[in-house]
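Each chain is listed here by its residues.
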Amino acid sequence: QKCLDLLQFSPRTVIAIHPEGKRNKTDDPYALLPAKPGVGRIALQSQAPVIPLFINGLSNDIKQIIKNRQQPEPGSVRMHFGAPVELADLFEQADDPAAHQAAAERIHGRIAALGEEERAARAG
């Protein structure tokens, strides 16, 4: 609800959310956890644009993240943005938990596809 309140407060608000509900802390950055409906609920009820983003190269060690922020290594973190995720067909169902999950899975799928693009870019 806090995210919805913030998005209504200002059209310039940006919120970054893991569609899995938390960060994946495994060693495989391409293995995404299952999508949770919360991100779909926020997307549908706010109707805010959803820009998918896949990030690779962040450490699971908070001390290392802070150190790299102060002294970044060039090319250590890669970010791949996608085109906005189209969700208008689900807006009329903004209060339906099944639509929340459908939206979350659509967003999740776009992020997974960006992850595969990133994997191919690293391999090439």
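Residues numbered from 1 in each chain as written. Predicted model: local features only at pLDDT ≥ 70, side-chain atom pairs only at ≥ 80, totals over all residues. Heavy atoms only, no water.

S.K.: Before we move on, can you summarise the layout of surface pockets with the specific residues and values?
M.R.: Here the largest pocket defines a volume of roughly 1,200 Å³. Along the wall of the largest pocket there are 41 residues; nearest its centre are A16, I17, H18, L53 and I111. Secondary structure elements with two or more residues in the lining of the largest pocket: α2 (37–46), β1 (53–56) and α4 (97–123). Class assignment of the residues belonging to the lining of the largest pocket gives a composition of 25 nonpolar, 10 polar and six charged. (1 Å grid on protein atoms, 1.4 Å probe; cavity = no way out; pocket = protein on both sides within 12 Å on 5 of 7 lines; lining within 4 Å. Points joined across faces, edges and corners; volume = space filled by probe spheres on them. Helix = DSSP H or I, 4+ residues; strand = E, 2+ residues; numbered from the N terminus. Nonpolar A, V, L, I, M, F, W, Y, C, P; charged D, E, K, R; others polar.)

S.K.: Residues and numbers for the environment of L7, please.
M.R.: Tracing the chain through its elements places L7 in helix α1 (residues 2–9). On the basis of relative accessible area, L7 is assigned to the buried category, the value being 19%. Along the primary structure L7 and A31 are separated by 24 residues, whereas in three dimensions their C-alpha atoms are 29 Å apart. L7 has contacts with T13, I15, I42, S46 and A48, leaving out every residue within four places of it along the chain. (Buried < 20%, exposed > 50% of the residue type's maximum accessible area, 1.4 Å probe, protein only. Contact = heavy atoms within 4.5 Å.)

S.K.: Before we move on, could you go through the packing of α1 against α2 and cite the residues and values that matter?
M.R.: Between α1 and α2, whose axes approach to 10 Å, the crossing angle comes to 30 degrees. Relative to α2, the element α1 lies roughly parallel. Here the hand of the crossing between α1 and α2 comes out right-handed. Two secondary-structure elements touch here, α1 through C3, L4 and L7 and α2 through R41, I42, Q45 and S46. Per-class residue counts for the contact of α1 with α2 are four nonpolar, two polar and one charged. (Axes fitted to C-alpha atoms, helices over the stretch in contact; angles between N-to-C directions. Parallel < 35°, antiparallel > 145°, perpendicular 65-115°, else oblique. Left-handed = near helix turned anticlockwise from the far one by under 90°.)

S.K.: Now, about the confidence of the model for the chain: what can you tell me, with residues and values included?
M.R.: Residues at a pLDDT of 70 or more form 93% of the chain, whose mean pLDDT is 89. In the model of the chain, helix α3 (residues 62–70) stands out as the element of lowest mean pLDDT, 71, in contrast to α2, which has the highest, 97. (pLDDT = per-residue confidence, 0-100.)

S.K.: Can you tell me about a nonpolar patch on the surface, naming the residues and giving the values?
M.R.: A contiguous nonpolar surface patch, about 560 Å² in accessible area, is contributed by I51, I55, L58, V77, M79 and F81. On the secondary structure map, L58 appears in the loop between β1 and α3. Here L58 falls in the partly exposed class, since its relative accessible area comes to 47%. (Patch = residues over 30% accessible without salt bridge, like charges linked within 9 Å, V, L, I, M, F, W, Y side chains within 5 Å. Areas by Shrake-Rupley, 256 points an atom, 1.4 Å probe, with all protein chains shown as cover. Salt bridge = Lys/Arg side-chain N within 4 Å of Asp/Glu carboxyl O.)

S.K.: Can you break down the environment of K63 residue by residue, with the values?
M.R.: Mapped onto the fold, K63 is located in helix α3. When the C-alpha positions of K63 and R119 are compared, they lie 26 Å apart, and in sequence the two are 56 residues distant.

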